[in-house]
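# Structure at a glance
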Amino acid sequence: MIKVAPSILSADFLRLGEDIASISAADYIHYDVMDGVFVPNISFGMSILKAVRSCTDMVIDAHLMITRPLRYVKEFAKAGADIITVHAEADTPDNIAAAIAAIKAEGKKAGLSVKPGTPASAAAPYIADLDLILVMTVEPGFGGQSFMADMMDKVRQIRAMIDAGGYDCELEVDGGINPDTARVCVEAGANVLVAGSSVFGAADRAQRIAQIRG
Ligand code: DX5
Ligand code: ZN
């Protein structure tokens, strides 16, 4: 099943409740956390997540673009995230493994994300414990960037790793996704499509979500 995860980084923060209601046709709410260190931008943290949690029953997919995420995964779990994704590049392998274990200890789903310059093999040590792998199709940090089609080899490689091992693991893409690039990602093996500007920039968001789902 193909899932669509609108990123509320592109929402109108003065009307966040209404904007969340406008994407009820989607599957996940993608929640981009940026710390100004791992990426050159700062977004929002646990307190806004609690507010989002209070206004929706949708699955919240938290994408932590923060350094040393082990420090914060428990707080994001308590604030209401359902899926918590950390970056492979954000700490040592031992600490990333510990962050994944801490997410699961909170009863949440654990994801691992890889930046464009990080190979598929970076996911291999953790794959048996992951519920989701997120392949970035832009450099993380900002919405509204252009899709990197050259990431599709990586999507195909990770799809092959997931299928070969029989893992129950979703494969998500994030950055520059619109109805056209969504098709390219699904053909390469992705099943969760994050889209910020394409969804929130559309006059009819339910229709745009349906177009991205394909
Ligand atoms: C980028 C974020 C994305 C971003 C996607 O660092 O992880 O989730 O909001 O925005 P669009 O769909 O506009 O590229
Ligand atoms: Zn994201």
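In this report, the structure presented in the accompanying data block is examined. Because the structure is a prediction, the values reported are computed rather than measured.

### Topic: the overall build of the chain
Looking only at helices and strands, the chain features eight helices and eight strands. The C-alpha radius of gyration of the chain comes to 16 Å, within 12% of the 17 Å expected for a compact globule of 214 residues. With the C-alpha coordinates aligned to their principal axes, the bounding extent of the chain is approximately 45 × 35 × 30 Å. Split into buried and exposed, the 214 residues of the chain put 52% on the buried side. Counted over contacts in the chain with a minimum sequence separation of 6, partners at least 24 positions apart contribute 62%.

### Digging into the site of ligand 1
As a matter of local geometry, ligand 1 sits amid 20 residues, with D32, G141, D174, G196 and S197 nearest to it. Between ligand 1 and D174, the relevant distance is 2.6 Å, taken from an oxygen atom to a side-chain nitrogen or oxygen of the residue. Applying the majority rule of atoms within 2 Å of the grid points places ligand 1 in the largest pocket. Secondary structure elements with two or more residues in the shell around ligand 1: β2 (28-34), β3 (59-65) and β8 (192-195). Residue contributions to the shell around ligand 1 peak at three residues, all from β2. For the shell around ligand 1, a count of residues per class yields eight nonpolar, 10 polar and two charged.

### A closer look at helix α8 (residues 205-213)
Inspection of α8 places R205, I209 and I212 among the buried residues, and these make up the whole buried set. Taken around the axis of α8, the buried residues stretch over an arc of 65 degrees, which confines them to a single face. Looking at where α8 begins, the residue whose side-chain oxygen comes 3.3 Å from the main-chain nitrogen of A206 is D204. The first or second residue beyond α8 is G214, which carries a positive phi of 80 degrees.

### Some thoughts on the nonpolar core
Core analysis: the biggest nonpolar cluster contains 66 residues, and I8, Y31, L64, V86, L112, I133 and I177 have the highest contact counts within it. Apart from the residues within four sequence positions on either side, L64 is in contact with V33, P69, V73, F76, I84, T85, V86 and H87. Judged by nonpolar contacts, the second largest core, of nine residues, contains Y28, I83, M136 and V194.

### Comments concerning the packing of aromatic side chains
One pass over the full model with this rule turns up two aromatic pairs. Centroid distance F13 to F44: 5.8 Å. Interplanar angle 80 degrees. Geometry classified as edge-to-face. Separated by 31 residues along the polypeptide, F13 in the loop between β1 (3-6) and α1 (16-21) and F44 in the loop between β2 and α2 (46-54) bring together distant segments of the chain. Take F44: its relative accessible area is 11%, and that puts it in the buried class.

Quick notes on the rules
- Residues numbered from 1 in each chain as written.
- Chains lettered and ligands numbered in written order.
- Predicted model: local features only at pLDDT ≥ 70, side-chain atom pairs only at ≥ 80, totals over all residues.
- Heavy atoms only, no water.
- Helix = DSSP H or I, 4+ residues; strand = E, 2+ residues; numbered from the N terminus.
- Rg over C-alpha atoms; globule rule 2.2 N^0.38 Å.
- Buried < 20%, exposed > 50% of the residue type's maximum accessible area, 1.4 Å probe, protein only.
- Contact = heavy atoms within 4.5 Å.
- Near = heavy atom within 4 Å.
- Polar contact = N/O pair within 3.5 Å; in protein donor to acceptor, adjacent residues only side chain to side chain.
- 1 Å grid on protein atoms, 1.4 Å probe; cavity = no way out; pocket = protein on both sides within 12 Å on 5 of 7 lines; lining within 4 Å.
- Sits in = over half its atoms within 2 Å of the grid points.
- Nonpolar A, V, L, I, M, F, W, Y, C, P; charged D, E, K, R; others polar.
- Arc of directions from axis to C-beta.
- Core = buried A, V, L, I, M, F, W, Y, C linked by side-chain atoms within 4.5 Å.
- Phe/Tyr/Trp six-rings, centres within 6.5 Å; stacked < 30°, edge-to-face > 60°.

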